[in-house]
Every structure is written in structure tokens, then in C-alpha cells.
Amino acid sequence: TYTDATLGWDVDSFDAVQAIFEQYMPNWAPPAASYSTAILSNEHSALIHMVDTPELFGGELRILAAVDFADGKIIRWVDYWDGTPFDADLYAQLRTPADQFPQDLKYDEVAEQASTEIRAAASSLQSAFAACDAEAASAMLHTDVVIEDMTLRARILGGIEGSAYLARVIDAAPYGRGSLLHHVVGGRHGGAFEWTSADGLAGITAIELTDDGLITRMTTVYDGRQVPVERRTALVAAAFPG
């Protein structure tokens, strides 16, 4: 299965994926490119940081992809990216209508294959987020942690600032109060967990870990076009102390 969590493309067979390739690929020519910038994985699942250049789908996509494998083949792939900078007309044209938008991103069709360590860290962090327990979340942060919200274009450096930031946003961020954990991918030192917000918005948070389980980097993305402007503005403002 392949799902684009932002556009709601539910592509549930090999033939359907092949049909998309046949539709789009003949129009791709240099400088069109799709490439990874980082991969956090074990042998059975991965989180991939990806970039698609505008020549592929009409706008630059910076993607966090959750991928599961079996016998060397991809069996589940879900792309998450922020639609805010994407051309509004093209976004409306490509996005699945709300009444047909998939709510099930095949979370349960493939059993979790992530490492024990990344599953434990993801569960603890997301539980703290859902309960709005900023103190518990902050206890998992490394002194030199980098926290990034790709949707807000916000990057927070260091455990002290990171803890303060989480305290300011955890109640309003989509991954915060009432969010649900769905699926974890990755290996001992890094991976990601997929979640939905209390109001059903799908997103993903990638984390990287030290040997003793502290988070050195946390990167989140979700579709900002589905977050009310006033709420998004307040979240951006919360990235700045004071």
C-alpha cells in the first residue's frame, strides 16, 4: 500500500502504484529529482527524509516517509508533508475530497517492525504529548537536542529552550492534547511514530536517540493547510520566548 497522507491518495495495490508511475513519470525530465537526505532504519522499517523537486508534482515537497518492508520488498509507504506552500489551486485539484478522504492509513495492515528501543521512546513521548505533560516529554530530551516543526518552519536548539518551547505549545500543537499513536518505524538510534490529532489530522514525528535513549533530534510535519490560520499563527508565535 502507498498513501499520501496530505493529498489523501490511497493507492492499495501494485497495479495502482504502477498506474501513477505511468501517468507522471513520462513528464519528468531534468532537473526533476526525488532524493533522500536522511534514513533512520532497521532491517524491516524506516523513516526517510525526502525531497521532491517542483518538476515532479508542481511544488517542492519536503517529506517524512514511513516505510515497512517484507522479504526485501516495500509493503507499506506513507508520505507526510506540509501543503501550506503548495500552489493552492493545484492542492485543491489533487487533494481527495473531504467526504472521501481516507482516515485509515493502513496502520494495522502491517505489524510494527520497529526496534524495541524506538518503540519505547515513541510510546513514552507521544503519551506525554497526549497528556500535555511537558515535564515528562522534556525529561527525554538531550542537552543538545534540536526540535523542528517543519510545518511551522520553527527550529529550537538545546534542552533548556526545547523544554520551554514544549511547555508553550503542547496544549495547542496537533501532536499534543488528545493525540493518538498509530504506527512506529525505525531502528535502535532513530525512527518515527505516526499519529493523529484529537480532531483527526494525520502527522508524523521523527526522533533520533542516543545509546541511553535520550532524544537528540525531533522533527514533526503535518499539513498546515488543515490547521486554522489563527491557530497556526499562535503556534508560530509560541516558537519565540517571551
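Residues numbered from 1 in each chain as written. Predicted model: local features only at pLDDT ≥ 70, side-chain atom pairs only at ≥ 80, totals over all residues. Heavy atoms only, no water.

## Describing helix α4 (residues 116–130)
Here is step 1 of the chain: The terminal C-alpha atoms of α4 lie 21 Å apart, and with 15 residues this matches the ideal 21 Å at 1.5 Å per residue to within 8%.
Here is step 2 of the chain: When we look at burial in α4, the residues that qualify are I118, A121, A122, L125, Q126, A128 and F129. For α4, the buried positions fall inside an angular range of 155° around the axis, keeping them on one side.
Here is step 3 of the chain: Against α5 (134–138), α6 (159–169), β9 (180–187), β10 (190–196), β11 (202–209) and β12 (215–222) lie the buried residues of α4. (Helix = DSSP H or I, 4+ residues; strand = E, 2+ residues; numbered from the N terminus. Expected span 1.5 Å × (residues − 1). Buried < 20%, exposed > 50% of the residue type's maximum accessible area, 1.4 Å probe, protein only. Arc of directions from axis to C-beta. Contact = heavy atoms within 4.5 Å.)

## Quick word on the sheet that holds β10
Here is step 1 of the chain: Here we have 6 strands laid out as an open sheet, ordered β8-β7-β12-β11-β10-β9, and mixed in their pairing. Looking along the sheet, the strands with just one partner apiece sit at the ends: β8 (154–157) and β9. Strand-to-strand twist across the sheet, computed as the mean angle between neighbouring axes with direction ignored, equals 15°.
Here is step 2 of the chain: In terms of strand pairing, strand β7 (residues 141–149) meets β12 through 5 bridges, oriented parallel. From the neighbouring strand, E148 faces β12, where its bridge partner is T219.
Here is step 3 of the chain: On top of the sheet, α6 reaches β7, β8 and β12; it is set at about 50° to β7, its chief contact. (Pairing = 2+ DSSP bridges. Axes fitted to C-alpha atoms, helices over the stretch in contact; angles between N-to-C directions.)

## Remarks on the layout of surface pockets
Here is step 1 of the chain: Here the largest pocket defines a volume of roughly 720 Å³.
Here is step 2 of the chain: Forming the boundary of the largest pocket are 30 residues, of which Y2, V17, F21, W77 and D79 lie nearest the centre.
Here is step 3 of the chain: Those elements giving two or more residues to the lining of the largest pocket turn out to be β1 (2–4), β2 (9–11), α1 (14–24), β4 (45–52), α2 (54–57), β5 (61–70) and β6 (73–80).
Here is step 4 of the chain: Here the lining of the largest pocket gets 6 residues from one element, more than from any other, and that element is α1. (1 Å grid on protein atoms, 1.4 Å probe; cavity = no way out; pocket = protein on both sides within 12 Å on 5 of 7 lines; lining within 4 Å. Points joined across faces, edges and corners; volume = space filled by probe spheres on them.)

Nothing here speaks to function; it is all geometry.
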